[in-house]
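Now for the letters of each chain:
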Amino acid sequence: MFVGVNSIVLPGVSIDSKVIVAAGSVVASDIPDNTVVARVPAKPIGKFSNYADRVRAEFASESDLSGFENYEKKVAAAIEIETRKKSG
């Protein structure tokens, strides 16, 4: 699970493991596995597996991903780009 900066997850909300919450989102309901959410209130904008595949394709070798932290940052950047495209 990755929760972007300035996001709010309301009490009692359940978020599964393969979930990305875009920065600034407000999560008011449960988020199922393999989901990417954004906006206020948070709504599904894509599938976790699609973003992970995109990052893997862009950074083909393991040496391009120096640790899980960099991988998370690159996935977050891909989400931000997609969010801007969909809202623009």
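Please refer to the structure placed before this passage.
Attention here is on the structure that accompanies the text. (Residues numbered from 1 in each chain as written. Predicted model: local features only at pLDDT ≥ 70, side-chain atom pairs only at ≥ 80, totals over all residues. Heavy atoms only, no water.)

**Quick notes on the sheet that holds strand β6 (residues 43–46)**
Inference 1: One open sheet holds the 4 strands; their spatial order is β1-β3-β5-β6, and the pairing between them is mixed. Pairing within the sheet leaves two strands with one partner each, and these edge strands are β1 (2–3) and β6.
Inference 2: The sheet contact formed by strand β5 (residues 35–38) and β6 spans 3 bridges and is antiparallel. Bridge assignment links A38 to a residue of β6, and that residue is K43. (Pairing = 2+ DSSP bridges. Helix = DSSP H or I, 4+ residues; strand = E, 2+ residues; numbered from the N terminus.)

**Here we look at helix α1 (residues 48–58)**
Inference 1: For α1, every residue scored as buried is listed here: F48, Y51, A52 and V55. Projected down its long axis, α1 carries its buried residues within an arc of 100 degrees, all on one side. (Buried < 20%, exposed > 50% of the residue type's maximum accessible area, 1.4 Å probe, protein only. Arc of directions from axis to C-beta.)

**Things to note about the nonpolar core**
Inference 1: Of all hydrophobic cores here, the largest spans 12 residues; its members are I20, A22, V36, A38, I45, F48, Y51, A52, V55, V75, A78 and I79.
Inference 2: At the level of elements, β5, α1 and α2 (68–87) are the ones that each hand at least two residues to this core.
Inference 3: Counting residues in each nonpolar core, the second largest holds 8 residues, with V13, V27, I31 and V37 among its members. (Core = buried A, V, L, I, M, F, W, Y, C linked by side-chain atoms within 4.5 Å.)

**Some remarks on a nonpolar patch on the surface**
Inference 1: Where nonpolar side chains cluster on the molecular surface, the patch consists of M1, V3 and V9 and spans about 240 Å² of accessible area.
Inference 2: In this structure, V3 sits in strand β1. (Patch = residues over 30% accessible without salt bridge, like charges linked within 9 Å, V, L, I, M, F, W, Y side chains within 5 Å. Areas by Shrake-Rupley, 256 points an atom, 1.4 Å probe, with all protein chains shown as cover. Salt bridge = Lys/Arg side-chain N within 4 Å of Asp/Glu carboxyl O.)

**Examining unusual backbone geometry**
Inference 1: In the segment running from V40 into P41, the intervening peptide bond is cis, with an omega of -10 degrees.
Inference 2: By the secondary structure assignment, P41 is in the loop between β5 and β6.
Inference 3: Look at N6: it is not a glycine, yet its phi comes out positive at around 60 degrees.
Inference 4: Mapped onto the elements, N6 comes out in the loop between β1 and β2 (8–9).
Inference 5: Phi at N34 takes a positive value of approximately 65 degrees, unusual for a residue other than glycine.

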